[in-house]
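Below are the chains, spelled out letter by letter.
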There are 2 protein chains.
Amino acid sequence: MEELIAYYKEYKEKKNALTLAMNTMSFDKATIAPKDGHQYINKMLTMLATDLFIHETSDEAYVNIKELSNCDIDPELKRDVELTLLLLEENRSIPKDVYRKFVQTVNQADTSWHDAKEKSDYTLFENDLKNVIEMQKEVLKYHPNKEMKPYDILLDRFERGMNQKRYDEFFDLIKEKLLPFIQKVLNSNKEIDDSLLLQNYSVDKQEKFIDELCTYLQVDKNKVYLCTTEHPFTSFFSTNDVRITTKFHENALASAIYSTIHEYGHALYGLQVNPKYDGTELHNQISFAMHESQSRFLENYIGKSKAFWDANLPSLQKQFSEFEGISANELIEMLSKSKKSLIRIEADELTYPIHILIRYELEKEIFSEEFNQYDKLKEKWDAKYKEYLGVIPSNDSESILQDIHWSGSAFGYFPTYALGSAYSAQFFNAMKNEVDIDKALISGQFDSISKWLKENIHQYGAYKTADEVMMLATKEEFNANYYIEYLIEKYSKLYNC
Amino acid sequence: MEELIAYYKEYKEKKNALTLAMNTMSFDKATIAPKDGHQYINKMLTMLATDLFIHETSDEAYVNIKELSNCDIDPELKRDVELTLLLLEENRSIPKDVYRKFVQTVNQADTSWHDAKEKSDYTLFENDLKNVIEMQKEVLKYHPNKEMKPYDILLDRFERGMNQKRYDEFFDLIKEKLLPFIQKVLNSNKEIDDSLLLQNYSVDKQEKFIDELCTYLQVDKNKVYLCTTEHPFTSFFSTNDVRITTKFHENALASAIYSTIHEYGHALYGLQVNPKYDGTELHNQISFAMHESQSRFLENYIGKSKAFWDANLPSLQKQFSEFEGISANELIEMLSKSKKSLIRIEADELTYPIHILIRYELEKEIFSEEFNQYDKLKEKWDAKYKEYLGVIPSNDSESILQDIHWSGSAFGYFPTYALGSAYSAQFFNAMKNEVDIDKALISGQFDSISKWLKENIHQYGAYKTADEVMMLATKEEFNANYYIEYLIEKYSKLYNC
């Protein structure tokens, strides 16, 4: 057993070294790498990914780790080994030539998606999307668990324990209880004037405000690096090193504020996992929905609260005199304005889950046995937007081309966004009973909030499942009604309906 | 033979992928990585370096590459294989436990040097320096060529083809012809007033000037990324991707200007090597002195010329009105001021080679057979500075602690700096006969300068040796008198002596 543990440790260290290398190269490419260097970086990234795949799925690794998983080892190591083995079994079941073809197909689709999006021309991507779906279906045939339906495998890949049955329950509730309310709001007579947010605000001054905001959120600059990218994201380097990016728009002040808060929600999770899980699957395989719950928690429940803006409005007014005379409530009203939106990443809090519902329904259909209407995908997409949100895209990049996910075959990913949003409502409700959130926010004691998150959620990493964390943190099972009720309460006040 | 070539290609690609990964991680660490993440990055870097060492020096690699080197292959591939084999044979001759101990010793010395430098206390480093030297001597015993003297091996490692005999000739000339002249200048009555350069200049405005300077130098932003670090450097990612760093001092305007020009000299070399050498030793193993000749060429022969400042002074004056009424010649006088300097990296053009002479003489002694005066190293250092430059360090960090090189066992590196400076004088002389440099600089046609450098020097990469490039570019063998005469001519005018 000692030998197996030593083998496993070395196996993970090599994996971690290559993973950090690829993370760093990808982050470099997304942030500063000169354009003409991208092709070489991509080529070397493919080499390293292939190396890592070979290392991770070798027969030797499988035999040793399988044997280790049957040993009597401490529970944290056991969970780490289980999570490693799960991925290993899924990956090694795919024949090498199939895997290579899958990677090639995805790379090709990534290129054509970027091109199609830029030109707003779906025909440039349509055929590659079909290829990706067909290759993904081919890959799914090799999955070791022959009982699981194809789309269930994909859902489980992004969120262990989730499947169509559980997501159906969740989305049925959204459709039944929330959708009619949303449609009422979207068709209400009240028009919130948010033009103040859309004036021209210098990026220099926005940066100064974000800097003060980071101080307010107690961002530890020895552990968190912040810069800008076209699409904000978080990248985890190690337990003491997280990179977040944000985006400044001169004509959309809210963009940098909420990108920063959102990504910091992810970062804080990574920083507050039990440090002894660093470099293990207990850090790497945290539930996607759980992660999204933390970014949404900070973005919506903290960052759009009266107490938060009572504390931060003076600093905003210091940079931008346009906000003098505006109250926290007035600002929040503008920031929360609901619109018939076409673009998911620009959607308000209320309509957001409907964007996800649409994608979930489409993915479910695509991966159903009988599906073959590849030439109807855009049509189906647009029909759902018309039906649920009453909008019609004016071009392809506002339609099915808007998200990068499908070009990378990340089917099954979207639903975690809505699930995470729902988790955060339940967490907020639980935290309220234990922490005086308003007092903490007004008095600049963000640490009492992050401490609760650490103790009740973050510390566990992936040692506990999402269901277990939910139970530990809120003392009850997941209940989507917290989310639905929160949205209805907030927006019925805002729109008097 | 086809199989051997295929093997070799794969061998190099894996090497290149790991090298790019390590370059990216090191660059990330030097520029943006949050402080608390450094330890993890270091650990992973060590893992990858070990992996690379094992890959590069395997028996399989040795046998195959040795066999390939005897095949009838095209001359470029042949040279690449030769250079690869040279390193491979040197590295694999070192027993693994000796190599590991060497790496540990160097890591320990790196840590203690940083600490000692910060505290300006040589006693904190003295013992580790002794350990590094002794371990380096131990490693040298395994060198495959038993004929070579220890210091010759080190010199050859940084500059293929160089040895004590050749360096002695060079430094003897410096000592004989240049040193007396330098001492005359340093003791002359003329005092150049360079206080204008040392006033407070806002970094914002310096950045704007540097930006215009980069445009003037036709820096291609799709290939070159520029940022700041404590110690400026250049890092080569690929033939289309070079990173350079510079340093802004509020009270030393020349710092950012000449760091940028110097590093861009290195960058330009990397960018102008024949692109088909990308990822081969013909790109990687360019002579250190040749590289330094290009950075020094841009820094001193271009960047301190009248034509250069005739073209760029208006842009400097636009940012800093303090320079209104100053002529190009007056500015160059200030920028060239010679001082009794203690610190190599702050030394002026004239005294610079003496800093290197001192280090060369010390290194030669340290690696001589009979050397054992480890406790006298600082004393010897200070005595030479007193003798040659007439200065006495006031603390340890101005003395033997000033450079990082020895803590990393980079013995043999320093001499390439002086040799490169001398190369650049000879290149300048040759270029003058073929290009109207002043006209190009005044009319903003830097491309005619970079074109000459590309055609006569850069394109060859390491396909030609430094001696061969010198002959091709200047039609004669290396002759240090160009350098000595240039310095004497320039400084006798400046100091009327």
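Residues numbered from 1 in each chain as written. Chains lettered and ligands numbered in written order. Predicted model: local features only at pLDDT ≥ 70, side-chain atom pairs only at ≥ 80, totals over all residues. Heavy atoms only, no water.

S.K.: How should the relation of the copies chain B and chain A be read in this particular structure?
M.R.: Between the two copies of this chain, the relationship is a rotation about some axis together with a displacement along it. Superposition record for chain B on chain A: RMSD 0.0 Å, screw rotation 180°, translation along axis 0.0 Å. Taken together, the turn and the small shift mark the pair as related by a two-fold rotation axis. Among all residues of chain B, the one whose C-alpha sits closest to the rotation axis is B:Ala21, at a distance of 2.6 Å. When the interface residues of chain B are mapped onto chain A, 100% of them again fall at the interface, so both copies present the same face. (Least-squares fit on C-alpha atoms with pLDDT ≥ 70 in both. Contact = heavy atoms within 4.5 Å.)

S.K.: Sorry if this is basic, but what is going on with the side chain of B:Asp382 here?
M.R.: All names here are of chain B. For Asp382, the position within the fold is in helix 16 (residues 377–389). A relative accessible area of 16% means that Asp382 is categorised as buried. Ignoring anything within four residues of it in the chain, the contact list for Asp382 reads Val391, Pro393 and Ser399. (Helix = DSSP H or I, 4+ residues; strand = E, 2+ residues; numbered from the N terminus. Buried < 20%, exposed > 50% of the residue type's maximum accessible area, 1.4 Å probe, protein only.)

S.K.: Would you take a moment to explain the confidence of the model for chain A for this structure?
M.R.: Detailed reading of predicted coordinates is not advised where the pLDDT is low. On average, chain A scores 95 in pLDDT, and the residues at 70 or more come to 100%. In the predicted assembly, ipTM is 0.91 and pTM is 0.92. (pLDDT = per-residue confidence, 0-100.)

S.K.: Hey, could you run me through the state of the cysteines in this one?
M.R.: Simply put, disulfide is the name for a covalent bond between the sulfur atoms of two cysteines. Across all of its chains, the model carries zero disulfides over all chains by this definition. With no disulfide of its own, A:Cys227 lies 12 Å from the sulfur of B:Cys227, the closest cysteine sulfur. Of the residues examined, A:Cys227 reaches a relative accessible area of 15% and is grouped as buried. (Disulfide = S-S within 2.5 Å.)

S.K.: Would you mind going over a negative patch on the surface with me for this structure?
M.R.: Taken together, the side chains of A:Asp204, A:Glu207, B:Asp204 and B:Glu207 define an acidic patch exposed on the protein surface. For the negative patch, the secondary structure elements donating two or more residues are helix 9 (203–216) of chain A together with helix 9 (203–216) of chain B. Mapped onto the fold, A:Asp204 is located in helix 9. (Patch = residues over 30% accessible without salt bridge, like charges linked within 9 Å, V, L, I, M, F, W, Y side chains within 5 Å. Areas by Shrake-Rupley, 256 points an atom, 1.4 Å probe, with all protein chains shown as cover. Salt bridge = Lys/Arg side-chain N within 4 Å of Asp/Glu carboxyl O. Lys, Arg positive; Asp, Glu negative; His and termini not counted. Charge placed at Lys NZ, Arg CZ, Asp CG, Glu CD.)

S.K.: Explanation requested: the nonpolar core in the structure shown.
M.R.: Proteins that are soluble and globular tend to have nonpolar side chains buried together. Within the largest apolar cluster, 132 residues are counted, with the highest numbers of intra-cluster contacts made by B:Tyr264, B:Phe297, B:Trp309 and B:Ile449. Ignoring any residue separated from it by four or fewer positions in sequence, one finds B:Tyr264 in contact with B:Leu217, B:Gln218, B:Val219, B:Val224, B:Ile244, B:Leu298 and B:Phe446. Formed by 131 residues, the second largest nonpolar core is a distinct cluster that contains A:Val242, A:Ala307, A:Ala430 and A:Tyr460. (Core = buried A, V, L, I, M, F, W, Y, C linked by side-chain atoms within 4.5 Å.)

S.K.: Where do I start with the interface of chain B and chain A in this structure?
M.R.: On the chain A side, the residues contacting the 37 residues of chain B number 37 residues. Overall, the association of chain B and chain A removes approximately 3,100 Å² of surface from exposure, summing both partners, and the carbon and sulfur fraction of that is 65%. For chain B, the biggest contributors to the area lost against chain A are B:Pro34, B:Asp36 and B:Tyr40; these three give 19% of the whole. Our count for the contact surface shared by chain B and chain A stands at eight salt bridges. Where B:Arg243 meets A:Asp28, a salt bridge forms, and the shortest distance between an N and an O atom there is 2.7 Å. Across the contact surface, chain B and chain A share ten residue pairs in polar contact (both at pLDDT 80 or more). A per-element tally of the side of chain B that touches chain A places helix 1 (residues 2–31) of chain B first, with eleven residues. The class makeup of the residues in the side of chain B that touches chain A is 17 nonpolar, seven polar and 13 charged. (Buried area = accessible area lost by both parts, 1.4 Å probe. Polar contact = N/O pair within 3.5 Å; in protein donor to acceptor, adjacent residues only side chain to side chain. Nonpolar A, V, L, I, M, F, W, Y, C, P; charged D, E, K, R; others polar.)

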